[in-house]
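Coordinate analysis (summary)
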Amino acid sequence: MHEEFDDIFALPALGKGAPKGGFPETGLPADAAYQLVHDELLLDGVSRMNLATFCTTWMSDNARRLMAETVDKNIVDKDEYPQTAELEQRCVRMLADLWRAPDAASAPGTSTTGSSEAAMLGGLAAKFRWRAGGGTGTPNFVCGPVQVCWEKFARYFDVEIREVPLTGDRLKLEPEQVARYCDENTIMVVATFGQTFTGLFEDVAGISAALDAVRRERGWDIPIHVDAASGGFLAPFTAPDLPWDFRLPRVKSINASGHKTGHAPLGSGWALWREPADLPDELVFNVNYLGGDLPTFNLNFSRPGGQAISSYHAFIHLGRAGYTRLQSAIYSVAQHLAEGLVKAGPFEILHDGDPRRGITAVSWRLTGEQPFSLYDLSDRLRARGWLTAAYPLPADRGDETIMRAVIRHGFSHDMADLLLADLGRCLTYLNSHAPRVPLTAAEGSGFTHDATAEVPLKRPGA
Ligand SMILES: *Cc1c(COP(=O)(O)O)cnc(C)c1O
């Protein structure tokens, strides 16, 4: 036996399937274990062809280097890694400036693992402020069609979610709908600045004005939390005169995902408050940790420092000018795709990648009676490696299916052309080999981003 001279695929360790259940009794040689894991992952989709995700799928070599260099740094050890803590704080001040906090130097904020954690923190702060203000009933919050993190917030923290249904032609929360759902126990209105379903921006200024009227007429002073998961790193550069942020006094907190349009690696989010008084003291823990005494307000404890570090790298590398050029380039690919879609098939565009109307995404639906559903199209595109999400709209419009492509850093004009060419071939195929029974949401590609996606749908055109 001269195993060390064998080709790795001749090793006995690879002569059988991978361990799948029960903790393995004996181990595998390091290289064999690596090869096995590496090869299993071939079954995953190609992330850069994944148009369903909002998250970063392209990273510069320098960002990769910083991530590798900091893989052993725990962000919570602020005493041991004071410079990591300092870079995180610089990011908070930069974002407070970007989002127009009245005093960017003192606006409290923290990095998080993503928008979900940041949303929980924003929601908790609103709940604590409401209680400090004398609230005693069951707290509620009002929102439009939200990302699943808000349903989690409601359930985990016992707050009633009042999701305003989509009616008529409405695809998002509209200012005139808000007042009817508010009462004295409304802890906040969550405005989504870059909806998951369509990519459209909700009208935060309009919602704010509607809440000003509520204040005048009913006396309830209801704050806004903006879920700017994707929009928070777009509008400041590509629609700078659109007020959605701390320019509106009613906006008390904002969350954004660094790992979406912020161009940071996965695991990066931010939560910021307008001013110190908006972050209740009860949420802040002054952790005496190995000699340091530092305020923390996170749901997690240990987590990697690299996400905040490489966010700082992105901010200083790109600056406002660089972000503006990059985000504009991504928007123009989205617009190119929207134009191509209109020419390619029976599609009505819901969001065409206009930077004033929404994020760097395109969403569309089928028009007329078609012999296939968008789930069939999604399924067909997958055969070429493209991952495009088709899903039902939320409550009250759940019989309607839409499709969305999120255009991200690294998705070039040329890739959009390749996608359009494949989409044309898929449409030809589906028209000449019409499925006997079009796929439904339950049978389709399995993309879910809220609970409603589990509900089987009526078949389009049926
Ligand atoms: C993606 C997204 C979230 C969740 O963000 P994560 O960073 O994935 O935790 C919340 N809200 C909106 C609007 C989103 O697009």
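Residues numbered from 1 in each chain as written. Predicted model: local features only at pLDDT ≥ 70, side-chain atom pairs only at ≥ 80, totals over all residues. Heavy atoms only, no water.

**What to know about the pattern of salt bridges**
- Applying the stated rule across the entire model yields 18 salt bridges.
- Where Arg 93 meets Glu 86, a salt bridge forms, and the shortest distance between an N and an O atom there is 3.7 Å.
- Judged by relative accessible area, Arg 93 falls into the partly exposed class, the value being 35%.
- In this structure, Arg 384 and Asp 422 form a salt bridge, with 3.0 Å as the shortest nitrogen-oxygen distance. Residue Arg 384 is found in the loop between α10 (374–382) and β12 (389–392), and its partner Asp 422 is found in helix α11 (residues 413–432); the two are separated by 38 residues along the sequence. (Salt bridge = Lys/Arg side-chain N within 4 Å of Asp/Glu carboxyl O. Buried < 20%, exposed > 50% of the residue type's maximum accessible area, 1.4 Å probe, protein only. Helix = DSSP H or I, 4+ residues; strand = E, 2+ residues; numbered from the N terminus.)

**Things to note about the domain arrangement of the protein**
- In terms of domain boundaries, the protein breaks down into domain 1 (3–44) and domain 2 (61–315).
- Placing the centre of domain 1 and that of domain 2 at their C-alpha centroids yields a distance of 43 Å. (Domains from an automatic or database assignment.)

**A short note on the sheet that holds strand β11 (residues 361–366)**
- On the basis of which strands lie adjacent, the open sheet formed by four strands has the order β10-β11-β13-β12 and antiparallel pairing. Strands at the two margins of the open sheet, each flanked by one partner only, are β10 (347–351) and β12. Geometrically, the sheet is characterised by an average inter-axis angle of 30° between neighbouring strands, direction not taken into account.
- Across four bridges, the pairing between β10 and β11 is antiparallel. Residue pairing across strands places Phe 347 opposite Leu 366, the latter belonging to β11.
- In this fold α10 packs onto β10, β11, β12 and β13 (401–406), with an angle of close to 35° to the strand it touches most, β13. (Pairing = 2+ DSSP bridges. Axes fitted to C-alpha atoms, helices over the stretch in contact; angles between N-to-C directions. Contact = heavy atoms within 4.5 Å.)

**What about the packing of helix α4 (residues 115–132) against helix α5 (residues 148–156)?**
- At their nearest, the axes of α4 and α5 sit 9 Å apart, and the two run at 45° to each other. One way to sum up the angle between α4 and α5 is to call them oblique. Judged by the twist between their axes, the crossing of α4 over α5 is right-handed. Every residue of α5 that contacts α4 at Ser 116, Ala 119, Met 120, Gly 123 and Leu 124 is listed here: Cys 149, Trp 150, Lys 152 and Phe 153.
- Of the residues assigned to the contact of α4 with α5, the class counts are six nonpolar, two polar and one charged. (Parallel < 35°, antiparallel > 145°, perpendicular 65-115°, else oblique. Left-handed = near helix turned anticlockwise from the far one by under 90°. Nonpolar A, V, L, I, M, F, W, Y, C, P; charged D, E, K, R; others polar.)

**Considerations on the packing of aromatic side chains**
- For the structure on display, the rule yields 15 aromatic pairs.
- Relative to Phe 157, the ring of Phe 153 has its centre 5.7 Å away and its plane inclined at 40°; by these criteria the two rings are tilted.
- For Phe 153, a relative accessible area of 0% puts it in the buried group.
- Here the aromatic cluster, defined as three or more aromatic residues joined through ring pairs, consists of Trp 99, Phe 193, Phe 201, Phe 233, Phe 237, Trp 244, Phe 315 and Tyr 323.
- One residue, Arg 131, lies across the ring of Phe 128, its end atom 5.1 Å from the ring centre.
- Stacked on the ring of Phe 54, the Lys or Arg Lys 260 has its end atom at 4.7 Å from the ring centre. (Phe/Tyr/Trp six-rings, centres within 6.5 Å; stacked < 30°, edge-to-face > 60°. Lys NZ or Arg CZ within 6 Å of the ring centre and 35° of its normal.)

**A few points about the site of the ligand**
- In the region of the ligand, 13 residues are neighbours, and Ser 116, Asp 227, Ser 257, His 259 and Lys 260 sit closest.
- Between Ser 257 and the ligand, the recorded distance is 2.7 Å, taken from a side-chain N or O atom to an oxygen atom.
- Relative to its unbound accessible area of 380 Å², the ligand is 90% covered by the protein chains.
- Here the residues of the shell around the ligand sort into two nonpolar, nine polar and two charged. (Near = heavy atom within 4 Å. Polar contact = N/O pair within 3.5 Å; in protein donor to acceptor, adjacent residues only side chain to side chain. Areas by Shrake-Rupley, 256 points an atom, 1.4 Å probe, with all protein chains shown as cover.)

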